[in-house]
Amino acid sequence: MQQLPILTIDLCTSKIISIAAKQSSNNQITVLAVGYSSAAGIKKGKITNMDLATLSIKQSMDNLRQMYSGEFAKIYVNIPSVSAQTYNSKAMVNVPSGKISTKEIKTVLKTAIHNTAISSDYEILHAIANNFIIDGSFIQDPQSYITNHLEAKANIIAVSKNYLNNIRQALRDYGFDSLNFVVNSYVAGQALSNANSDEHYNFQNGHLVIDIGSSCTYASIYKGKSCVFSKFYPIGGNNISKDIALMLNTKIEDANTFKENHASIIVNDDEAKQKVRFPNATNDNSFTEVSAEYLSTIIHCRLEELFYLIKDDIEEHNMFNAFKSGIILSGGSSKIEGIKKLCFKIFENQRVVKLDTGLVLPNDYFDLKDPRYSTAVALVKYALDTNPHYEID
């Protein structure tokens, strides 16, 4: 019997990206179809207009259906971390046989859920093991250990039922009633940490993922596949465009075009003197001319603010030493020239990897190599992971 593909729908950016994909016996991922549309009616992952959101999802799915019209084994929907609540929990269970199996691992996670006081208005999406403890020692993989007790510390991630029901309503027109919701930061961190980065680093000793999207940024720290810190920031690439438009009194479209094609926070002496012209916001026949150095200062200030906000939060949670393997930058604004050097400086010489082509899904329909689509690609890799971390979804 032929394996049915999975469908992923990414709602976490200014675009809705739907991908149909399947995995072969040798673990190679094949993209069957890709759908794309602007995320009208959805702001920072939240549905603000049901009719527009439904139409946006329909446009993305209609594009995908032109390439693939079959059924799906499972459907995964990516939602932003800002919509989620994370609870720390722990539990201990007996090991009757004296040897730990998958049964005891699942039982201890279910017990951790039971031990967590969560409002009935929230739905649990993930119970993720941070650490297992056996006879007082921290163990990453407890499978087959000989012991009488198994203890676990876990993150329990829950999301408002009303929020999820709104998404279900928007997808109901396509007959998608059974949805697997996953939280953006958890998915992105798992996939990004396993990607082949531009410097082929190994991230086994803890890493910080900074995913700079168009409207917001997610910063998450991972130990192995466990997320030990996650924070949402309402600052993204659009803020840079707005800064340029405001300072130069130009249209946001013109500012955004410059940001996507020419943005840099590093200019040499010759480049600094070069002039850049922007049409006036209210008069296309009038132009504002500024130096490349002035533009780089505008961009630098916004990125500097973002990185310091992230750093301050990490230090407040005493997690600054939790990502010794380094930092992964992803998202559309990670393409800005000089961003890697700025991040390196602010985070006190931590190793920084700028993810350009680490997450690649070869296909004949759509260029997914661009870091703007890293979250959508990460969702596919998460959904098809044949060796998932110990968790309950």
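What counts as what
Residues numbered from 1 in each chain as written. Predicted model: local features only at pLDDT ≥ 70, side-chain atom pairs only at ≥ 80, totals over all residues. Heavy atoms only, no water. Helix = DSSP H or I, 4+ residues; strand = E, 2+ residues; numbered from the N terminus. Contact = heavy atoms within 4.5 Å. Areas by Shrake-Rupley, 256 points an atom, 1.4 Å probe, with all protein chains shown as cover. Core = buried A, V, L, I, M, F, W, Y, C linked by side-chain atoms within 4.5 Å. Buried < 20%, exposed > 50% of the residue type's maximum accessible area, 1.4 Å probe, protein only. Axes fitted to C-alpha atoms, helices over the stretch in contact; angles between N-to-C directions. Parallel < 35°, antiparallel > 145°, perpendicular 65-115°, else oblique. Left-handed = near helix turned anticlockwise from the far one by under 90°. Nonpolar A, V, L, I, M, F, W, Y, C, P; charged D, E, K, R; others polar. pLDDT = per-residue confidence, 0-100. Patch = residues over 30% accessible without salt bridge, like charges linked within 9 Å, V, L, I, M, F, W, Y side chains within 5 Å. Salt bridge = Lys/Arg side-chain N within 4 Å of Asp/Glu carboxyl O. Pairing = 2+ DSSP bridges.

As for the overall build of the protein
Consideration 1: Per the secondary structure count, the protein includes 10 helices and 19 strands.
Consideration 2: Considering only residue pairs separated by 6 or more positions, the protein has 69% of its internal contacts joining residues 24 or more positions apart.
Consideration 3: When the accessible surface of the protein is split by element, carbon and sulfur atoms take 45% of a total near 18500 Å².

Looking at the nonpolar core
The tendency in soluble globular proteins is for nonpolar side chains to be buried as a group.
Consideration 1: Grouped together as the largest cluster of nonpolar side chains are 55 residues, with contacts concentrated most on V77 and I79.
Consideration 2: Tallying contributions element by element places helix α10 (residues 374–383) first for this core, with six residues.
Consideration 3: Look past the residues within four positions of V77 in its chain and what remains in contact with it is I9, L11, I167, L171, L179, N180, F181 and V182.
Consideration 4: Ranked by size, the runner-up nonpolar core spans 40 residues in total, among them I244, I310, L329 and I339.

Overview of the packing of helix α5 (residues 237–248) against helix α6 (residues 252–262)
The angle between the axes and the distance between the axes are what describe a pair of packed helices.
Consideration 1: As a packed pair, α5 and α6 sit with axes 8 Å apart at the nearest point and diverge in direction by 120 degrees. The angle between α5 and α6 falls in the class oblique. Here the hand of the crossing between α5 and α6 comes out right-handed. For the pair α5 and α6, contact is made by G237, N238, I240, S241, K242, I244 and A245 and by I252, A255, N256, F258 and K259, respectively.
Consideration 2: Of the residues that constitute the contact of α5 with α6, the class distribution is six nonpolar, four polar and two charged.

As for the confidence of the model for the protein
Consideration 1: Of all residues in the protein, 88% attain a pLDDT of 70 or more, and the chain-wide mean is 83.
Consideration 2: Element-level mean pLDDT values for the protein span from 65 in helix α4 (residues 184–194) up to 95 in helix α8 (residues 292–316).
Consideration 3: Low confidence marks residues 196–201, where pLDDT is under 50. Its contacts with residues over four positions away, or in another chain, come to 12 contacts.

With respect to a nonpolar patch on the surface
Consideration 1: A grouping of L246, M247 and Y294 is seen on the molecular surface, where their side chains present a nonpolar patch of about 330 Å² in accessible area.
Consideration 2: Within the element layout of this structure, Y294 appears in helix α8.
Consideration 3: Assessed through its relative accessible area of 32%, Y294 is described here as partly exposed.

Notes on the pairing of strand β3 (residues 29–38)
Consideration 1: The element β3 is extensively covered by neighbouring structure, given that seven of its 10 residues are classed as buried.
Consideration 2: Pairing of strand β2 (residues 15–23) with β3, which is carried by nine bridges, proceeds in the antiparallel orientation. Bridged to I16 within β3 is S37.
Consideration 3: Two successive antiparallel strands, β2 and β3, enclose a turn made up of five residues, where N27 displays a positive phi of approximately 70 degrees.

Quick notes on the sheet that holds strand β1 (residues 6–10)
Consideration 1: Read from one edge to the other, the open sheet built from five strands follows the order β3-β2-β1-β6-β11, with strand pairing classed as mixed. Strand pairing shows two members of the sheet lacking a second neighbour, β3 and β11 (180–183), which therefore form its edges. The sheet shows a mean angle of 20 degrees between the axes of neighbouring strands, direction not considered.
Consideration 2: Pairing of β1 with β2, which is carried by five bridges, proceeds in the antiparallel orientation. Its bridge partner being in β2, D10 is matched across the sheet by I17.
Consideration 3: The strands touched by helix α3 (residues 161–171) within the sheet are β1, β6 (75–79) and β11, with β6 carrying the most contacts at an inclination of about 130 degrees.
Consideration 4: Sheet strands in contact with α10 are β1, β2, β3, β6 and β11, and its direction is about 150 degrees off that of β1.

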